[in-house]
Amino acid sequence: AQSVTQLDSHVSVSEGTPVLLRCNYSSSYSPSLFWYVQHPNKGLQLLLKYTSAATLVKGINGFEAEFKKSETSFHLTKPSAHMSDAAEYFCVVSVGYQAAGNKLTFGGGTRVLVKP
Amino acid sequence: SQTIHQWPATLVQPVGSPLSLECTVEGTSNPNLYWYRQAAGRGLQLLFYSVGIGQISSEVPQNLSASRPQDRQFILSSKKLLLSDSGFYLCAWSRTVNQPQHFGDGTRLSIL
């Protein structure tokens, strides 16, 4: 079984300052991990993915995440927040086998507020 | 490139009425397809997934059903809507193992 814990339900940052969204996972298999962003009344957009290649993953819009197996973490960072980064972010782990439909397990989400 | 279309964007329905939400994917073949519901202020709940035409797996018992009449078409239905069916419904597709899912823009369903 797998699970995902996003350690902060809300994060507030000032524009231009760094953003850190924390995620811990557990998985019985070698995991694939993803970060998604959801703006209000929109679908989820993939920010980045880790699939057992480089442990530092670069995504869209200046985001990156580091996979740390020893800490079972996959934290998302951005050096400088922009107003458009205000949204909800989901850390996600994949079951990883087709027989189960490649289902995803979602974290509870972190809502990011960006102050001017 | 692949695209996913989901409609309608918003829907207001009375209690007891039927429902049909449609999702189609373009630019790929034999995708995995998914229906999710997101209640207000909560995470995503997987309702159904399909790994092929006519193959539907249900994750949560409820008065909803899903069908996949064509390779890239996924339909969510109900014969009689309940108030508790209100929410934001998202369709998604993926390739096979270890690949991310790609989401449509969602349907906001309100039940009156």
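Preceding this section is the structure that the text describes.
Residues numbered from 1 in each chain as written. Chains lettered and ligands numbered in written order. Predicted model: local features only at pLDDT ≥ 70, side-chain atom pairs only at ≥ 80, totals over all residues. Heavy atoms only, no water.

Peer 1: Just to check I follow, could you spell out the overall build of chain B for this structure?
Peer 2: When helices and strands are counted, chain B shows zero helices and 11 strands. Going from N to C terminus, chain B has its helices and strands arranged as β-β-β-β-β-β-β-β-β-β-β. Against the globule reference of 13 Å for 112 residues, chain B gives a C-alpha radius of gyration of 13 Å, in line with a compact fold. Judged by the C-alpha coordinates and their principal axes, chain B covers about 40 × 25 × 20 Å. Across the 112 residues in chain B, those meeting the buried criterion constitute 46%. If you take every contact in chain B between residues at least 6 apart in sequence, the share linking residues at least 24 apart comes to 55%. Carbon and sulfur atoms form 51% of the exposed surface of chain B, whose accessible area is close to 5,200 Å². In chain B, 8 side chains carry a positive charge and 6 a negative one; their mean positions are 6 Å apart. (Helix = DSSP H or I, 4+ residues; strand = E, 2+ residues; numbered from the N terminus. Rg over C-alpha atoms; globule rule 2.2 N^0.38 Å. Buried < 20%, exposed > 50% of the residue type's maximum accessible area, 1.4 Å probe, protein only. Contact = heavy atoms within 4.5 Å. Areas by Shrake-Rupley, 256 points an atom, 1.4 Å probe, with all protein chains shown as cover. Lys, Arg positive; Asp, Glu negative; His and termini not counted. Charge placed at Lys NZ, Arg CZ, Asp CG, Glu CD.)

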